[in-house]
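# What the coordinates show
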Amino acid sequence: MLIKNLFIILFILSPFFSLSIQAEKKVQYVMVSFDGSKNLNMWENILENADRFNAKFTFFVSGVYFLSQENSHIYTPPGLAPGTSHIGFGGTN
């Protein structure tokens, strides 16, 4: 009964004082997916923001982005002709 009365008193008086309860800080994970990872401006923007917010990223880059257009014949996709890619190749650099 004493504990119940104590809680009632604390509830009534709570607007007049602040109880400091520190919540445990949990790690937050956010998954983001996007296309166009061969765009250098996008990489620079992501890495700049990673530094700014102390964020960590894991990148998965399609292997065809490591092939220049002139070497695209090396790649043979499933069900398509050699040198074909729906997402393109790495360009000329």
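Reference entry: report on the structure contained in this document. (Residues numbered from 1 in each chain as written. Predicted model: local features only at pLDDT ≥ 70, side-chain atom pairs only at ≥ 80, totals over all residues. Heavy atoms only, no water.)

### Regarding the side chain of S72
Tracing the backbone shows S72 in the segment after α2 (40-53). Non-local contacts of S72, meaning those with residues more than four positions away in its chain, are made with G83 and F89. (Helix = DSSP H or I, 4+ residues; strand = E, 2+ residues; numbered from the N terminus. Contact = heavy atoms within 4.5 Å.)

### Overview of the packing of aromatic side chains
Two aromatic rings, taken as a pair, are described by how far apart their centres are and by the angle between their planes. The tally for this structure, following the rule as stated, stands at three aromatic pairs. Here the aromatic rings of W43 and F59 are separated by 4.5 Å at their centres, their planes lie at 45°, and the arrangement is tilted. Residue W43 is located in helix α2, and its partner F59 is located in the segment after α2; the two are separated by 16 residues in the primary sequence. Using a relative accessible area of 31% as the deciding quantity, one classes F59 as partly exposed. With a centroid separation of 5.8 Å and 20° between ring planes, the pair formed by F57 and F59 is classed as stacked. An aromatic cluster is defined as three or more aromatic residues linked by ring pairs; in this entry it consists of W43, F57 and F59. (Phe/Tyr/Trp six-rings, centres within 6.5 Å; stacked < 30°, edge-to-face > 60°. Buried < 20%, exposed > 50% of the residue type's maximum accessible area, 1.4 Å probe, protein only.)

Bear in mind that shape data such as this cannot, by itself, settle questions of function.
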